[in-house]
Amino acid sequence: MSGLTAVPARRGKAARMKAGQTIRIVNTHGTQVLDTWAFRSDDLHEFMSMEHTRPQIGRTIPVVGDALRSNKRAPMLTWLEDSSPGIHDTLVAACDVHRYRHFGIKEYHDNCTDNLHAAMKELGLTPPEVPCPLNMWMNIPVGADHKISFLPTVSKPGDHVLLRAEMDLIMAFSACPMDVTPINGPGGEIKDCHFQIS
């Protein structure tokens, strides 16, 4: 894993990227959903927006060649490679303490919302809000009846996505700690992921 930065299981990590740099994001164990955010480094109020990306690309899941757009509709990241089956999610909000309370969990549960704040805090930053993330490798199919399902990821160990920054960015990730629904596999075991900026 030389040269790779870990997103620890159940935790978050953030890093700075310059325009033109690429980031290789690896599903190390092939079973882990990775919530992914991008913020404009000189204005955190501009951030990667799934709501603005979907109408621009005309799909609910980005593919190679697509630009991931900001809430000001500017290209932030370009999707260059995807070695996985290409199943990701742009619909579901980051999990939070309220989500787990809906499942009847009264004690504190690790969650992606808090992981984003903790990861940004390591860089001395505070996100102005928690945008809907790009849920890398999350398998949320929409049925003919318009209902969504929460299914295990179909990603394989070592699958990666390569993105290019189109502006200076703060990238943030959470190795999603969801162990109530089967999105991280039927056993609910949460594992680390890795990334590398070049």
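The structure displayed is predicted, hence computed values, not measured ones.

Attention shifts here to the pattern of salt bridges. One side chain can pair with another of opposite charge once the charged atoms of both are near each other. Counted under the stated rule, the structure contains 11 salt bridges. Measuring nitrogen to oxygen at the nearest pair gives 3.8 Å for the salt bridge that ties K18 to D168. Pair noted here: K18 is in the loop between β2 (12-17) and β3 (22-27) and D168 is in the loop between β9 (159-165) and β10 (169-175), with a separation of 150 residues, a long-range link. Across the salt bridge formed by E166 and R164, the nearest N and O atoms sit 2.9 Å from each other. The exposure class assigned to E166 is partly exposed, which follows from its relative accessible area of 32%. One network of salt bridges, in which partners are shared, links R10, R11, D110 and D179.

Bringing the UniProt feature "domain: DUF1989" (unreviewed entry) in the chain into the picture now. Under the feature "domain: DUF1989" (unreviewed entry), the UniProt entry names residues 6-170. The span residues 6-170 is 15% helical and 30% strand by assignment, and the distance between its end C-alpha atoms comes to 16 Å.

Thresholds applied
- Residues numbered from 1 in each chain as written.
- Predicted model: local features only at pLDDT ≥ 70, side-chain atom pairs only at ≥ 80, totals over all residues.
- Heavy atoms only, no water.
- Salt bridge = Lys/Arg side-chain N within 4 Å of Asp/Glu carboxyl O.
- Helix = DSSP H or I, 4+ residues; strand = E, 2+ residues; numbered from the N terminus.
- Buried < 20%, exposed > 50% of the residue type's maximum accessible area, 1.4 Å probe, protein only.
- UniProt positions renumbered as here; feature names shortened; annotations may be inferred.

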